[in-house]
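Observations on the model geometry
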Amino acid sequence: LNNSLRRLVNRSGGQNVDLPKQVRYCFLKFNAALLSWNHVQLTEKVLKSRSFLSAFVVGLMKDSVEFVKEYVAILDHNVFQFSRLSRSTKTYFFNKFLIGNFAKLLTVDNQETIDCCKKFLIPLLTSKLFAERDEEFLLELCCKIFKPYDDAQQQIVLAILKRHPNLVVKFMQKLNL
């Protein structure tokens, strides 16, 4: 089942197919429908299955701006803003793999995509979701995942460092200036 779902997620239908007709988009809407129930156990199962919602992040660089916006809106509304969802489930889902793929999106040539990702990542990574005990994770994001010399990614790194000032010294030591 997992391999079948993974193939389904990666089928776009081609560049010339309208977004609502793409298999990938229809499967994203299916995920959104599952999450819209705001049922904690169902949401946790969807988030913990690598073949569902997190599988979309791999192909986002090839997707249209509309698709990226829809995906980000689903993650924001149905995962990040879902107050009854446990912190551990959210931190499990928003892992290095997912955030690393978002970092790649910040390098595309489309400013609308970059702005959409920044508007999502900055509140996520500076929220209480990532507390002091997650500082090593945040430091790794700042030093290895995000490129601090890229303008869009630099804004995210600065926001994280502003929220966690005790990371600044460690960050500067790892920069190898």
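The paragraphs below set out a description of the structure included in this document. (Residues numbered from 1 in each chain as written. Predicted model: local features only at pLDDT ≥ 70, side-chain atom pairs only at ≥ 80, totals over all residues. Heavy atoms only, no water.)

**Description of the packing of aromatic side chains**
- For the structure shown, the criterion picks out twelve aromatic pairs.
- With 6.0 Å between their ring centres and 55 degrees between their planes, phenylalanine 94 and phenylalanine 120 make a pair best called tilted. With phenylalanine 94 in the loop between α5 (87-93) and α6 (96-105) and phenylalanine 120 in helix α7 (residues 111-125), this pair connects stretches of sequence that are 26 residues apart. Note on accessibility: phenylalanine 94 and phenylalanine 120 belong to one class, buried.
- Through successive ring pairs, a cluster of aromatic residues spans Tyr25, Phe27, Phe30, Phe52, Phe56, Phe67, Tyr71, Phe93, Phe94, Phe102 and Phe120. (Phe/Tyr/Trp six-rings, centres within 6.5 Å; stacked < 30°, edge-to-face > 60°. Helix = DSSP H or I, 4+ residues; strand = E, 2+ residues; numbered from the N terminus. Buried < 20%, exposed > 50% of the residue type's maximum accessible area, 1.4 Å probe, protein only.)

**What about the packing of α7 against helix α9 (residues 151-163)?**
- α9 packs onto α7 with a crossing angle of 15 degrees between their chain directions and a minimal axis gap of 9 Å. The angle between α7 and α9 places the two elements in the roughly parallel class. The element α7 and its partner α9 pack so that their crossing is right-handed. Residues Ile114, Lys118, Leu121, Ile122 and Leu125 of α7 pack against Ala152, Gln155, Ile156, Ala159 and Ile160 of α9.
- In terms of residue class, the contact of α7 with α9 is made up of eight nonpolar, one polar and one charged. (Axes fitted to C-alpha atoms, helices over the stretch in contact; angles between N-to-C directions. Parallel < 35°, antiparallel > 145°, perpendicular 65-115°, else oblique. Left-handed = near helix turned anticlockwise from the far one by under 90°. Contact = heavy atoms within 4.5 Å. Nonpolar A, V, L, I, M, F, W, Y, C, P; charged D, E, K, R; others polar.)

**Looking at helix α4 (residues 65-80)**
- Among the residues of α4, those classed as buried are Val65, Phe67, Val68, Tyr71, Val72, Ile74, Leu75, Asn78, Val79 and Phe80.
- On its buried face, α4 sits against α2 (23-35), α3 (40-48), α5, α6 and α7.

**A word on the pattern of salt bridges**
- According to the stated counting rule, one finds six salt bridges in the structure shown.
- With a closest N to O distance of 2.4 Å, lysine 69 and glutamate 112 form a salt bridge. Here the residue lysine 69 occupies a position in helix α4, and glutamate 112 occupies one in helix α7, the gap between them amounting to 43 residues.
- Using a relative accessible area of 36% as the deciding quantity, one classes lysine 69 as partly exposed. (Salt bridge = Lys/Arg side-chain N within 4 Å of Asp/Glu carboxyl O.)

The quantities given are spatial measurements derived from coordinates; they are silent on function.
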